[in-house]
Amino acid sequence: MLELNMTGKETVTVTDENTAATVGSGSLRVFATPALAALIEKAACNCLAGQLDDGMTSVGTVLNIKHIAATPVGMQAEATVTLTEIDGRRLVFSVSVTDEKDKISEGVHERFIVNSEKFMSKVNAKLD
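Before going into details, it helps to say that this report is about the structure given with it. (Residues numbered from 1 in each chain as written. Predicted model: local features only at pLDDT ≥ 70, side-chain atom pairs only at ≥ 80, totals over all residues. Heavy atoms only, no water.)

1. Some points on a nonpolar patch on the surface
Here comes step 1: Among the surface-exposed residues, Phe119, Met120 and Val123 lie close enough to one another that they form a single nonpolar patch of about 230 Å² accessible area.
Here comes step 2: Turning to its location among the elements, Val123 is positioned in helix H3 (residues 116–124).
Here comes step 3: A relative accessible area of 34% means that Val123 is categorised as partly exposed. (Patch = residues over 30% accessible without salt bridge, like charges linked within 9 Å, V, L, I, M, F, W, Y side chains within 5 Å. Areas by Shrake-Rupley, 256 points an atom, 1.4 Å probe, with all protein chains shown as cover. Salt bridge = Lys/Arg side-chain N within 4 Å of Asp/Glu carboxyl O. Helix = DSSP H or I, 4+ residues; strand = E, 2+ residues; numbered from the N terminus. Buried < 20%, exposed > 50% of the residue type's maximum accessible area, 1.4 Å probe, protein only.)

2. Examining the sheet that holds strand E4 (residues 90–99)
Here comes step 1: Strand order in the open sheet formed by five strands is E1-E3-E4-E5-E2, and the pairing between neighbours is antiparallel. At either margin of the open sheet sits one strand with a lone partner, and together these are strand E1 (7–13) and strand E2 (56–67). For this sheet the average axis-to-axis angle between neighbouring strands, irrespective of direction, equals 25 degrees.
Here comes step 2: Direction of pairing for strand E3 (residues 76–87) relative to E4: antiparallel, over a ladder of ten bridges. If you follow Ala77 over to E4, its bridge partner there is Asp99.
Here comes step 3: Packing of helix H2 (residues 33–48) onto the sheet brings it into contact with E1, E2, E3, E4 and strand E5 (103–115), and relative to E1 it is tilted by some 140 degrees.
Here comes step 4: Here H3 sits on the sheet and contacts E2 and E5; the angle it forms with E5, its principal contact strand, is near 90 degrees. (Pairing = 2+ DSSP bridges. Axes fitted to C-alpha atoms, helices over the stretch in contact; angles between N-to-C directions. Contact = heavy atoms within 4.5 Å.)

3. Side note on the pattern of salt bridges
Here comes step 1: In the structure shown here, the tally under the stated rule is eight salt bridges.
Here comes step 2: For Arg29, the salt bridge identified is with Asp16, shortest N-O distance 2.7 Å. Of this pair, Arg29 sits in the loop between helix H1 (20–23) and H2 while Asp16 sits in the loop between E1 and H1; the two residues are 13 residues apart in sequence, bridging distant segments of the chain.
Here comes step 3: Ionic pairing is found between Arg90 and Asp87, a salt bridge with its closest N-O pair at 3.3 Å.

4. Structural notes on the side chain of Asp99
Here comes step 1: Along the polypeptide, Asp99 turns up in strand E4.
Here comes step 2: With no salt bridge to any partner, buried Asp99 finds its closest opposite charge in Lys101, at an N-O distance of 8.2 Å.
Here comes step 3: At 2.8 Å, the side chain of Asp99 forms a polar contact with the backbone nitrogen of Lys101.
Here comes step 4: When neighbours within four sequence positions are excluded, Asp99 is seen to be in contact with Ala70, Thr71, Met75, Gln76, Ala77 and Ile104. (Lys, Arg positive; Asp, Glu negative; His and termini not counted. Polar contact = N/O pair within 3.5 Å; in protein donor to acceptor, adjacent residues only side chain to side chain.)

5. A look at the pairing of E3
Here comes step 1: Here E1 runs beside E3; their pairing, made up of seven bridges, is antiparallel. Bridge pairing in E3 links Val12 to Ala77.
Here comes step 2: What sits between the antiparallel neighbours E3 and E4 is a turn of two residues, in which Gly88 has the positive phi angle 65 degrees.

6. Re the environment of Glu100
Here comes step 1: As for its placement among the helices and strands, Glu100 is situated in the loop between E4 and E5.
Here comes step 2: Those residues within four positions of Glu100 in sequence are excluded, and the remaining contacts are Gly74, Met75 and Gln76.
Here comes step 3: Within the structure, Glu100 has its side chain in polar contact with the backbone nitrogen of Gln76 (distance 2.6 Å).

7. Considering the state of the cysteines
Here comes step 1: All chains considered together, the criterion is met by zero disulfides.
Here comes step 2: Counting only cysteine sulfurs, Cys47 is the nearest neighbor of Cys45, a cysteine outside any disulfide, at a range of 9.7 Å.
Here comes step 3: Take Cys45: its relative accessible area is 35%, and that puts it in the partly exposed class.
Here comes step 4: Given the relative accessible area of 4%, Cys47 is considered buried. (Disulfide = S-S within 2.5 Å.)

Written out as structure tokens, the structure is:
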């Protein structure tokens, strides 16, 4: 059952694979913003794990974040999301991400609850 103020977390170690230089979002060996976005979405999914009805899932629809500090290879980053709004099937999370020294990101993430089968049927119809 979804409730306001539920939280989810996810941690990742920065490696060469998730740096800006590797993913193509920059030239430096620091935690990439696209990897940061994925970390936040995973934390939100963790928050919702076991909370949705059978056959239902959530999809990310909005991600409005500031990437305010760089994180070097070898350091861990941890995203924490808090469910702040439930509007029907629309869910809103506040976001905070820290590394071992600093706050590196903050913002808002929205997800929408969907029926997995119906959603994929509609997506796959694009192939016809």
